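Commentary on secondary and tertiary structure
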Amino acid sequence: MADTPDNPDERPDPFSSMFGGMFGGMFGDMMKMFGGHGPIHWDTARQIAMMTSTGGTPESNVDPRTRIDFENLARIAAMHVQAGTGIGDRVDVGEVRPELVTPGQWAQRTLDDYRPLFTDLATALGAKPSDVDGDSDPMGAMFANLTSMLAPMTMGMTVGSMVGLIAKRSLGMYDLPLPRPSGSRLLLLGDNIDAFAREWELAVDDVRMWTLVRELVTHQIHGLTHISDTVNSLVRAHVAAFEPNPTALSDRLAGLESSDPSDMMESLQRILGDPELLLGAVRSPAQDRLRPRLDTILSVVIGWSDHMTDVIGARILGSPSRIAEAARRRRVDGGDETSFVERLLGVHVKRSQVDAGRAFVSGVIERGGEDALSPLYRSADDLPTPAELEAPGLWLARIEYVNGD
């Protein structure tokens, strides 16, 4: 039989032993469950995305008649887009076919398409900062280690939830104005498009055609290598520049003070409901430096695609201004379901960006006609700077565009 220490202070604390063994085993099991999945737990992201986009109920297959209707409209839209944008000799949309998908299918495809961006983001947030000193701040080190352990699961839950919410209201592939991997399929959410038409009391066939034109135009623009490369490089630089702060959660929890239990619970819910805080995302000076250039490029892409959609849409539909205004209002009023993903990726589309892009395009056309936009098709060096976005004449002067030269 083992000897029992005579000094009570040296005797094992039965509660410490019990809880130490319990929590040691629990955290060991958690480590096994959370480990080995890389910076994001993708199975969790997919499950949450599916559950969020579908409401947890089985999805019905797309009506074959709806597929046929969109395919017939797409042939007309593609013909006009190919001939009417000036990009037809560079990016061929004649072979692009609409692929009608459900919200659940859209969410899964979007996770696949944006996986490199989300992986870069998770890697940046998972980096351990050098200023966490476990010797001087054991509590901070404990929270940092716990946050690091939970990060892949938390990231999977957050990304899956946000993508699932976007899937419930998106019309096509480019509601987030980011390039997708090149291909000959155009993802469209037919039920969402028809619901949007009914909500705004618009003709369903006109909304379908307008959406096809917008998606094909944007597909062409992002099909220009210098556009997609520039946008992708800026967005990936943005997400890689987040500075992780694994003690952010513990600092906020430590600051909770209230004698009213209901106030305390409400404050706790607000903290735990802030996904940016839970992910430990802290903006950095590098992101502040990137912001003007990224905002400028996105403004140009949006303004350029809006202009061409208006021109081509008018040729096919006569006067689609009500559809265009409703869709653009819907885009900038996306709500919380889009704003978090947009903020993390650096592509939060604001009304000021949309207006700036449209004003730039209008200013260029006023000075040199439609052909004056052609330098945008050439190279990244010919894209406007932030200063030139506000002064189209400066851009035209820099690229020495004179009467089509």
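Fair warning: this is a prediction, and the values are worked out from it, not measured in the lab.

Parameters and conventions
Sequence order as written defines the numbering, with residues in each chain counted from 1. Owing to the predicted nature of the model, reporting of local features is limited to residues with pLDDT of at least 70; listing and counting of side-chain atom pairs is limited to 80 or more, with chain, interface and lining totals taken over all residues. Each side-chain value is worked out from all heavy atoms of the structure, with water and hydrogens disregarded. The way it works is that DSSP assigns letters per residue, a run of H or I at least four long becomes a helix, a run of E at least two long becomes a strand, and they are numbered from the N terminus. Accessibility here uses a 1.4 Å probe with only protein chains present; expressed as a share of the type maximum, an area under 20% marks a residue as buried, one over 50% as exposed, and anything in between as partly exposed. By the convention used here, residues are in contact when the closest approach between their heavy atoms is within 4.5 Å. Residue exposure ignores everything except the shown protein chains as possible cover, and the areas themselves are Shrake-Rupley values with a 1.4 Å probe. Any two strands between which DSSP finds at least two bridges are classified as paired. Geometry of aromatic contacts follows a simple scheme: Phe, Tyr and Trp rings, the Trp one being its six-membered ring, pair when their centres are within 6.5 Å, and the pair is stacked under 30 degrees between planes, edge-to-face over 60, tilted otherwise. Identification of polar contacts relies on pairs of N or O atoms within 3.5 Å, with a donor-acceptor requirement for protein atoms, meaning one able to donate a hydrogen and the other able to accept it, and with residues adjacent in sequence counted only if both atoms are side-chain atoms. Think of a 1 Å grid over just the protein atoms. A cavity is a set of points where a 1.4 Å probe fits yet cannot get out, a pocket is an open set with protein on both sides within 12 Å along at least five of seven lines, and lining residues have an atom within 4 Å of a point. Grid points are joined across faces, edges and corners, and a volume is the space filled by probe spheres set on the points. In the scheme used here, Gly and all other residues not listed as nonpolar or charged are polar, with Ala, Val, Leu, Ile, Met, Phe, Trp, Tyr, Cys and Pro taken as nonpolar and Asp, Glu, Lys and Arg as charged.

1. Focus: the overall build of the protein chain
When you go through the protein chain residue by residue, the secondary structure sums to 18 helices and four strands. With 405 residues in all, the protein chain has 46% of them scored as buried. A separation threshold of at least 6 residues defines the contact pool for the protein chain, and within that pool the share at least 24 residues apart is 81%. By element, 53% of the accessible surface of the protein chain is carried by carbon and sulfur atoms, the whole surface being about 20,000 Å².

2. Examining the pairing of strand β1 (residues 97-100)
What you see with β1 is a clean split: P98 and L100 sit on the buried side and R97 and E99 on the side with no burial. Taken together, the four bridges between β1 and strand β2 (residues 185-188) define a ladder with parallel strand orientation. In the strand pairing of β2, E99 is matched with L187.

3. Things to note about the packing of aromatic side chains
The tally for this structure, following the rule as stated, stands at two aromatic pairs. Residues W304 and Y377 carry aromatic rings whose centres are separated by 5.2 Å and whose planes lie at 15° to one another, so their mutual orientation is stacked. With W304 in helix α13 (residues 285-317) and Y377 in the loop between α16 (351-368) and α17 (386-390), the pair connects residues that are 73 residues apart, well separated along the chain. Look at F360 and W395: their rings are 5.3 Å apart centre to centre, the planes differ by 65°, and that puts the pair in the edge-to-face class. Pair noted here: F360 is in helix α16 and W395 is in helix α18 (residues 392-398), with a separation of 35 residues, a long-range link. There is no split in this pair, since F360 and W395 are both buried.

4. Quick look at the side chain of S53
Looking at the element boundaries, S53 is found in helix α2 (residues 42-54). Polar side-chain contacts of S53 include one of 3.2 Å to the backbone oxygen of M50. Excluding residues that lie within four positions of it along the chain, S53 makes contacts with P103, G104, A107, G164, A167 and K168.

5. Some words on empty space enclosed by the protein
The full count for this structure, using the stated rule, is two cavities of 30 Å³ or more. Size it by volume and the largest cavity reaches roughly 120 Å³. Contributing to the lining of the largest cavity are Y174, D175, P177, R214, T218, H222, V301, I302, S305, D306, R331 and V349. Looking at the lining of the largest cavity, the elements with two or more residues in it are α8 (204-223) and α13. Tallying contributions element by element places α13 first for the lining of the largest cavity, with four residues. Taken together, the residues that form the lining of the largest cavity break down as five nonpolar, three polar and four charged.

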